[in-house]
Number of protein chains: 2
Amino acid sequence: MVHPGRPIGELLVKTTATESPLEKLFVGTEKGDRLSASRLMTVLENEGEENDRALRSLYTREGRSFVIGVTGWPGVGKSTLISRIAKVFLDQGKQVGIIAVDPSSPFSGGGLLGDRLRFRSIDGSDRLFIRSAASRGHQGGLSRATRAFVKVMEVMGRDVVIVETIGIGQEQVDISLVADTTVVVLAPGLGDYLQAIKSGIIEIGDIFVVNKADRPDAEKAVQDTKAAILMREKAPWQPPVVKTVAADGSGVDELIREIERHREYTTNCADAPATKARAAIHEILEAIKNGLLKKYLEEDPSRGAAIEGHAQMVFQRHTDPALVAETIFLKE
Amino acid sequence: MVHPGRPIGELLVKTTATESPLEKLFVGTEKGDRLSASRLMTVLENEGEENDRALRSLYTREGRSFVIGVTGWPGVGKSTLISRIAKVFLDQGKQVGIIAVDPSSPFSGGGLLGDRLRFRSIDGSDRLFIRSAASRGHQGGLSRATRAFVKVMEVMGRDVVIVETIGIGQEQVDISLVADTTVVVLAPGLGDYLQAIKSGIIEIGDIFVVNKADRPDAEKAVQDTKAAILMREKAPWQPPVVKTVAADGSGVDELIREIERHREYTTNCADAPATKARAAIHEILEAIKNGLLKKYLEEDPSRGAAIEGHAQMVFQRHTDPALVAETIFLKE
């Protein structure tokens with residue numbers, strides 16, 4: 001898809017022999033080319049100098065999608081629900097991107113979105129673009145790469161981007177930062193609302209879904225979720241609770257209506273709501289911390305080995321990581 | 001419980017009027033006094049100077065428990081299983097501590113451990129000590145306080161300490177660091193082993209439990225888990241997969257046998273296994289990062305406000321937190 005307001009001639013002129021390989025990927029991506037976008041994402045996923053350059057260049061580009069975060073514990077039926085949501089937007093003729101947290105995600109295969117021929121544009125291009133992002137286990141959370149993938153999809157001209165995360169721990173914060181609308185998917189029998197509060201997941205949902213709502217304890221799950229929502233910080237937007245059965249599509253229409261209603265609501269809000277502002281601040285602080293640590297370790301290469309030595313003491317529970325940091329490393 | 005090798009007279013002498021309130025808590029805790037331990041934990045949970053002093057003092061104390069981490073997604077039946085495990089050790093006459101991640105955890109109430117009279121020592125003291133630790137949502141992970149709670153239970157002279165965590169994201173790493181034996185609890189129908197790998201939970205289990213094993217799809221869950229274990233980094237310890245029905249106690253005996261077998265195995269290992277060493281290094285690095293950031297923000301108070309300003313740009317997806325950190329804050 002060529003961006004509106006950008007003449008096709010300009011794109012052709014830019015694609016010259018003097019252009020860097022990275023710039024070529026950007027030009028292709030801006031035209032909506034899937035192969036260019038895929039390669040660009042691979043660059044952004046790997047570490048190194050080219051990655052840094054790509055990231056800097058990426059954020060100078062135009063593009064704005066409606067980003068829907070879909071988060072929930074394993075087993076609640078996120079994948080099927082995402083397929084349903086994607087299908088509604090595809091049937092409206094929209095360009096849809098899906099970012100799944102794992103290569104083994106069922107999206108790539110058949111199922112609801114298997115009949116890809118239906119989702120062709122007039123020019124023959126596929127209106128559905130699915131990309132997996134490896135979840136960075138040890139660092140935790142939605143990786144910097146995943147956030148960059150969203151931006152690539154925006155630069156590609158996708159109308160709607162759906163991001164799937166497991167949504168416990170740090171990820172829950174990240175997804176609410178990157179998404180315009182965060183849908184938290186719950187299911188009956190997966191612990192009560194107290195556990196939802198415990199994990200913090202209740203704080204970040206703009207819309208709550210009780211999926212597998214054909215189960216007998218669905219109504220209790222809805223009531224528990226509503227009770228948990230009442231305990232949140234008061235805010236102008238009151239998150240609705242929608243019952244769905246993703247397997248047969250029940251309730252998906254209502255979910256889409258609530259998503260659109262939230263989209264309208266946020267369109268009229270200039271400032272980030274308090275939770276998203278906090279999440280953004282947190283992310284910047286994390287990035288600064290990582291940069292400070294990098295400098296710290298590079299300043300004196302012996303520090304790395306010393307940390308490894310103290311790790312054995314922590315393992316033996318003779319000391320605590322915070323104590324090691326304070327008394328050994330930050331005293332200098 | 002008075003520590004072996006420490007004469008009771010020494011403890012009495014130490015409890016003098018010139019002793020600080022904090023030292024009194026430590027002396028009480030070392031005698032196994034629950035009220036002292038509870039108060040000490042409260043000090044360790046709150047932030048501030050007293051906390052820092054308490055933490056420093058804590059790690060100079062003696063005490064070693066067998067620490068069992070029990071981790072798993074919400075709804076798999078961790079609480080019931082922990083009650084079963086605790087009961088086995090209590091029935092052996094042992095002193096047991098349980099650290100639950102949330103005040104709303106069902107442990108405090110009745111159920112399997114309700115009949116507390118059964119768990120009295122000869123001196124009338126309760127051999128079961130349960131303490132909740134608030135999960136620090138935004139920071140993610142098992143808090144520094146939870147780790148300190150384990151150490152307090154060790155100082156108290158608990159034979160066995162069981163720590164419950166939700167175990168997705170950062171927490172999963174932390175629990176494997178603090179626990180001698182990490183039990184990962186899965187249940188049929190909560191997503192397949194691919195999702196287990198995705199979340200990283202498969203990497204940290206010393207023992208895997210498929211709970212709710214009376215469900216029809218239990219055997220598949222066992223096979224999937226075994227397949228996932230085969231994909232792990234090769235190591236001398238091969239994690240077993242145990243089927244349990246915590247609700248009626250089936251399989252708990254076998255689980256206890258495997259826990260004891262793993263305990264014997266680790267007793268013969270002097271060094272931390274690679275995964276635990278990595279987790280310890282990660283924790284120290286995190287603590288150093290936090291200290292570096294604190295210094296950085298204190299050096300120039302205007303930095304805090306500047307970060308808040310850039311947070312709005314991140315929210316608008318005009319930039320990325322990593323880019324903000326590199327190009328604005330770390331350039332100075």
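Residues numbered from 1 in each chain as written. Chains lettered and ligands numbered in written order. Predicted model: local features only at pLDDT ≥ 70, side-chain atom pairs only at ≥ 80, totals over all residues. Heavy atoms only, no water.

### Digging into unusual backbone geometry
Positive phi, close to 55°, is recorded for Lys212(A), a residue that is not glycine. Counting through the fold element by element, Lys212(A) comes out in the loop between strand 6 (207-210) and helix 9 (218-230). (Helix = DSSP H or I, 4+ residues; strand = E, 2+ residues; numbered from the N terminus.)

### Notes on the sheet that holds strand 4 (residues 160-165) of chain B
Residues and elements named next belong to chain B. With parallel pairing, the seven strands of this open sheet are ordered in space as 3-2-4-1-5-6-7. What marks the edges here is a single partner per strand, and that holds for strand 3 (128-132) and strand 7 (241-243). For this sheet the average axis-to-axis angle between neighbouring strands, irrespective of direction, equals 20°. Sheet analysis places strand 2 (residues 96-100) next to strand 3, joined by five bridges and oriented parallel. Residue pairing in the sheet places Ile98 in a bridge with Ile130 of strand 3. (Pairing = 2+ DSSP bridges. Axes fitted to C-alpha atoms, helices over the stretch in contact; angles between N-to-C directions.)

### Thoughts on the environment of Met41(B)
Residues and elements named next belong to chain B. Among the secondary structure elements, Met41 is positioned in helix 3 (residues 34-45). Under the relative-accessibility criterion, Met41 is labelled buried at 0%. Through-space distance from the C-alpha of Met41 to that of Met153 is 9.6 Å; in sequence the pair is 112 residues apart. In contact with Met41, not counting residues within four places along its chain, are Phe129, Arg131, Phe149, Val152 and Met153. (Buried < 20%, exposed > 50% of the residue type's maximum accessible area, 1.4 Å probe, protein only. Contact = heavy atoms within 4.5 Å.)

### Focus on the environment of Asp52(B)
Mapping Asp52(B) onto the fold places it in helix 4 (residues 49-58). Of the residues examined, Asp52(B) reaches a relative accessible area of 26% and is grouped as partly exposed. Each residue touching Asp52(B), except ones within four places of it in the same chain, is listed here: Glu326(A) and Arg144(B).

### Regarding the side chain of Thr319(B)
Within the secondary structure, Thr319(B) sits in the loop between helix 12 (302-315) and helix 13 (321-329). For Thr319(B), a relative accessible area of 14% puts it in the buried group. Residues in contact with Thr319(B), not counting those within four places in the same chain, are Tyr59(A), Met313(B), Val314(B) and Val324(B).

### Topic: the side chain of Asn51(A)
All names here are of chain A. Topologically, Asn51 is positioned in helix 4 (residues 49-58). Here the side chain of Asn51 touches Leu44 through a polar contact of 2.8 Å, landing on its backbone oxygen. Among residues more than four places away in sequence, those in contact with Asn51 are Val43, Leu44, Glu45, Asn46 and Arg144. (Polar contact = N/O pair within 3.5 Å; in protein donor to acceptor, adjacent residues only side chain to side chain.)

### Brief notes about the packing of helix 4 of chain A against helix 6 (residues 144-156) of chain A
Residue and element names in this part refer to chain A. Contact geometry for helix 4 and helix 6: axes closest at 11 Å, N-to-C directions at 45°. Taken together, helix 4 and helix 6 sit at an angle that is classed as oblique. Once helix 4 is placed against helix 6, the crossing between them reads as left-handed. Facing Asn51, Asp52, Leu55 and Leu58 of helix 4, the residues of helix 6 in contact are Arg144, Ala148, Lys151, Val152 and Val155. Each residue belonging to the contact of helix 4 with helix 6 can be placed in one class, and the counts come to five nonpolar, one polar and three charged. (Parallel < 35°, antiparallel > 145°, perpendicular 65-115°, else oblique. Left-handed = near helix turned anticlockwise from the far one by under 90°. Nonpolar A, V, L, I, M, F, W, Y, C, P; charged D, E, K, R; others polar.)

### Focus: the pairing of strand 6 of chain A
Residues and elements named next belong to chain A. Of the two faces of strand 6, the one carrying Ile207 and Val209 and the one carrying Phe208 and Val210 are both buried. One ladder, built from four bridges, connects strand 5 (residues 181-186) with strand 6; its direction is parallel. Note that in strand 6 the partner of Val185 across the bridge is Val209. In this structure, strand 6 lies alongside strand 7 (residues 241-243), joined through three bridges in parallel fashion. Residue pairing for strand 7: Phe208 is matched across the bridge by Val241. Between strand 6 and its parallel partner strand 7, the chain crosses via helix 9, and the hand of that crossover is right-handed. (Right-handed = clockwise from strand over helix to strand, strands pointing away.)

### A look at the pattern of salt bridges
Under the counting rule described, the total for this entry stands at 36 salt bridges over all chains. The shortest N-O distance in the salt bridge between Asp91(B) and Lys87(B) comes to 3.5 Å. One end of the pair is Asp91(B) and the other is Lys87(B), both in helix 5 (residues 78-91) and four residues apart, which spans about a single turn. Each of Arg64(A), Glu154(A), Asp180(A) and Arg317(B) takes part in a single network of salt bridges with overlapping partners. (Salt bridge = Lys/Arg side-chain N within 4 Å of Asp/Glu carboxyl O.)

### Focus on the confidence of the model for chain A
Residue and element names in this part refer to chain A. Per-residue pLDDT for chain A averages 81, and the proportion of residues at 70 or more is 78%. Low pLDDT, under 50, characterises residues 1-16; the stretch is placed with 29 contacts to residues that sit more than four places away or in other chains. Long-range and interchain partners of residues 136-141, a stretch whose pLDDT sits below 50, account for 12 contacts in this model, where long-range means more than four residues apart. Across the interface, the model reports ipTM at 0.71; the global pTM reads 0.69. (pLDDT = per-residue confidence, 0-100.)

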